[in-house]
Amino acid sequence: MAGRVEGKVAFITGAARGQGRSHAVRLAEEGADVVAADVCGEVGRTSDFYRPATEDDLAETVRLVEKLGRRIITFHADVRDYAALERGLSAAVEEFGRLDIVAANAGIFQFGDEVRDIAEADWRDVIDVNLTGVFNTCKASIPHLVAGGRGGSIVITSSDAGVKGFARFGHYVASKHGVIGLMRTLAMELAPHSVRVNAVSPTNCNTDMIQNDAVWRLFRPDLENPTGAEFAEASSTLLALPQPWVEPVDVSNAVLFLSSDEGRFVTGVNFPVDGGSAAL
């Protein structure tokens, strides 16, 4: 039986690991070829919080996609660099001959300071990657989606921090609110071309971005050296369902639905994958 995105080509940013890798694998499982971009290096002070993606991480994404019998083209790009994104994507589309799906997933997380104490450089890094980077990804992709004449899907990664406030990471909250607004505008602008634009908003997701000592201490400031289990206990308070977090594949399944014909009439929607976090 043909896969749900059989014969399509998906462009994914932040594809070296975490949710981005999961999106690449899940879409490949359902028949898509993949264009995978990642910076594979440090961005600002982000490595003070968790380790950056590496060349080896991206190589593992390639291995997993090729193991499924699908093709994958990778290139290195910082999503803040529009020219690099446009150049790498255009070369990949020329080789594959089409573009159908865009997962604007790349993002960074910094935390710990109240807004009045956030350094200007940290504010710029988070906003530039998480919001301007999504703008650049969409701007580079839209001409290819429209030129194909087949419609298409853009899925932007937001967060439960895109729909409500959280203390001590105001720049991240602002960036994730911003991409939902951008999504709603793009949904209106691209509807005449049958290009659908939606967002997915996960709660805590089980990746390196949260599974580190710094985030554990953020959630358990009452403990000097909290364990993973103690972090899980605190994280579970974000969800209505009795779980501490979602898995990357849970988000990928939402991206797949929104990018497949099953979601052909879904556009302009913020799709929560949050275990009921938004309802609390």
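The protein chain carries the name Mycofactocin-coupled SDR family oxidoreductase in an unreviewed UniProt entry, which gives Saccharopolyspora oryzae as its organism. Turning to the protein chain, the UniProt annotation filed under Sequence similarities (unreviewed entry) states: "Belongs to the short-chain dehydrogenases/reductases (SDR) family."

The next subject is the sheet that holds strand β2 (residues 33-38). Reading across from one edge, β3-β2-β1-β4-β5-β6-β7 is the order of the seven strands in this open sheet, with parallel pairing throughout. The two strands at the open ends of the sheet, each matched to only one other strand, are β3 (72-76) and β7 (270-273). Ignoring which end each strand starts from, the neighbouring axes of this sheet average 15 degrees apart. Bridge count between strand β6 (residues 195-202) and β7: four bridges; the pairing is parallel.

We now examine the state of the cysteines. Scanning all chains against the criterion turns up zero disulfides. Between Cys-40, a cysteine without a disulfide, and Cys-205, which holds the nearest cysteine sulfur, the sulfur-to-sulfur distance is 19 Å. On the basis of relative accessible area, Cys-40 is assigned to the buried category, the value being 15%.

A few words on the pattern of salt bridges. Summed over all chains, the structure comprises 21 salt bridges. The salt bridge partner of Glu-30 is Arg-26, with a shortest N-O separation of 3.3 Å. Of the two residues examined, Glu-30 and Arg-26, each falls in the buried class. Asp-78 serves as the salt-bridge partner of Arg-80, at 2.7 Å between the closest nitrogen and oxygen. Each of the salt bridges in this network shares a partner with another, and the network as a whole consists of Glu-6, Asp-33, Arg-70 and Arg-71.

Criteria and cut-off values
- Residues numbered from 1 in each chain as written.
- Predicted model: local features only at pLDDT ≥ 70, side-chain atom pairs only at ≥ 80, totals over all residues.
- Heavy atoms only, no water.
- UniProt positions renumbered as here; feature names shortened; annotations may be inferred.
- Pairing = 2+ DSSP bridges.
- Helix = DSSP H or I, 4+ residues; strand = E, 2+ residues; numbered from the N terminus.
- Axes fitted to C-alpha atoms, helices over the stretch in contact; angles between N-to-C directions.
- Disulfide = S-S within 2.5 Å.
- Buried < 20%, exposed > 50% of the residue type's maximum accessible area, 1.4 Å probe, protein only.
- Salt bridge = Lys/Arg side-chain N within 4 Å of Asp/Glu carboxyl O.

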